[in-house]
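Descriptive analysis of the structure
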Amino acid sequence: MKQYPLARPSIGPEEIKAVTETLKSGVLSLGPKTTRFEKDFAKKNKTKFAVAVNSGTSGLHLAMRAAGIGAGDEVITSAFSFVASANCIMYVGAKPVFIDIDPVTYNLDPSKIEAAITKKTKAILVVHIFGQSADMGAIVKIAKKHKLKIIEDACESIGATHQGQLTGTFGESAVFAFYPNKQMTTGEGGMIVTSQPQVAAFCRSLANQGRGANMSWLDHQYLGYNYRLDEMSAALGIVQLKRLNSLIKKRRQVAAWYNQLLAKYPELVSYPRTAKGNTHTWFVYVVELAKGLDRDRVIIDLAKRGVASKPYFPSIHLFSFYRETFGYKPGAFPISEAKSKQTLALPFYIDLNKKDVQHIVSTLVMVLKKYGKSSSK
Ligand SMILES: *Cc1c(COP(=O)(O)O)cnc(C)c1O
């Protein structure tokens, strides 16, 4: 039986050659590959500066610090995301203030932002979920009106545009991530982008133990970290970035096959929609099961048939750490919670061909029909 994992990176001979050459070069950190990767990335994402880091999460942490966010501050963000987008606000001692999402795109709903603003609000941390931009036109307007900073968690949206503008270019800074399930990978890794030289310099310093701008190891101006990306990862990133357009094109093809096949079963499953004005680069392929379908049983049954699947995402405010810290209870963000109960990520990577997608969809439909009439939880 053919096994379909949730995600699989695309690593070719060019990547293997680049990493091997880097290993042979003897320079494994703080070298030319990282510098080159940063330059290439800044150019590709049409930003002035790019600072490589060892994960998307560490990038978000530094973006928060560079924005001057700290104890007593509040940052508005989405309840429906990967946990790191809220954790980074906690790292600097500030409070994440969640808001609910748009039911079609699962992105933060701009019409809910103003009600969440208080005297303590400093910034909006926008997450571009699943590979498409949040409604940046509306969000930028609100941020300007209330003098709030925008930080973009673009970890899932590399290459995606809103009204022709790339995600990662709307805010003071933005962060991309290169974990193996993302559109491109460096193993672990991330990138902070910004058009502001002082933000770039501060992030660069903090990622490298807070050492001074003259790159002397002798003085540490700030409380820094070791968030450096190593040279092997950067070498991998250079090649993957070169392939990015083609990687995204293939993801779009796989998503189009899924969309097309799933459109025939509206009573069982709804397939993801791309908002008007957006281009989608497909971090994951997430469907929403019809109400009453027992997702947990579906996941187990699919797994038995070689098809991996996963709830995507649980709402952050209902994780035990957030419940215990802030006293959140179910019902706080009903749209996010309803999506969290019914959304399911399906196998999604560029090596899937049309036959694979047909097989996965027919397996899913068969399993959904089986549990369609079963009691829901
Ligand atoms: C992947 C991701 C991150 C960062 O993840 P790392 O594993 O730390 O690179 C942050 N936010 C979101 C929304 C993500 O999907």
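Our subject is the structure listed above.
Residues numbered from 1 in each chain as written. Predicted model: local features only at pLDDT ≥ 70, side-chain atom pairs only at ≥ 80, totals over all residues. Heavy atoms only, no water.

**Focus: the side chain of S55**
Relative to the elements of secondary structure, S55 occurs in the loop between β1 (49-53) and α3 (56-66). On the basis of relative accessibility, which here comes to 17%, the residue S55 falls in the buried class. Side-chain polar atoms of S55 contact the backbone nitrogen of T57, separated by 3.3 Å. The contacts of S55, once residues within four sequence positions are left out, are G189 and G190. (Helix = DSSP H or I, 4+ residues; strand = E, 2+ residues; numbered from the N terminus. Buried < 20%, exposed > 50% of the residue type's maximum accessible area, 1.4 Å probe, protein only. Polar contact = N/O pair within 3.5 Å; in protein donor to acceptor, adjacent residues only side chain to side chain. Contact = heavy atoms within 4.5 Å.)

**A word on the site of the ligand**
Taken together, 13 residues sit near the ligand, with G56, T57, D153, E156 and K182 positioned nearest. Between G56 and the ligand, the recorded distance is 2.8 Å, taken from a backbone N or O atom to an oxygen atom. A distance of 2.8 Å separates an oxygen atom of the ligand from a polar side-chain atom of K182. Contact with the protein chains removes 92% of the 380 Å² of surface that the ligand exposes when unbound. A per-element tally of the shell around the ligand places α3 first, with 3 residues. For the shell around the ligand, the residue count by class is 6 nonpolar, 4 polar and 3 charged. (Near = heavy atom within 4 Å. Areas by Shrake-Rupley, 256 points an atom, 1.4 Å probe, with all protein chains shown as cover. Nonpolar A, V, L, I, M, F, W, Y, C, P; charged D, E, K, R; others polar.)

**What to know about the sheet that holds strand β6 (residues 161-162)**
Reading across the sheet, the 3 strands line up as β7-β6-β11 and stay open at both edges, with antiparallel pairing between neighbours. This sheet does not close on itself; its edge strands, each paired only once, are β7 (165-166) and β11 (278-279). For β6 and β7, the ladder comprises 2 bridges, and the chain directions are antiparallel. When the bridges of β7 are listed, T161 appears paired with L166. (Pairing = 2+ DSSP bridges.)

**Focus on the packing of helix α2 (residues 32-44) against helix α7 (residues 231-242)**
Between α2 and α7, the least distance of the axes is 8 Å, while the angle of their chain directions is 30 degrees. Handedness of the α2/α7 crossing: left-handed. From α2, P32, K33, T34, R36, F37, D40, F41 and K44 reach across to α7, where they touch E231, A234, A235, G237, I238 and L241. Of the residues contributing to the contact of α2 with α7, the split by class is 7 nonpolar, 2 polar and 5 charged. (Axes fitted to C-alpha atoms, helices over the stretch in contact; angles between N-to-C directions. Left-handed = near helix turned anticlockwise from the far one by under 90°.)

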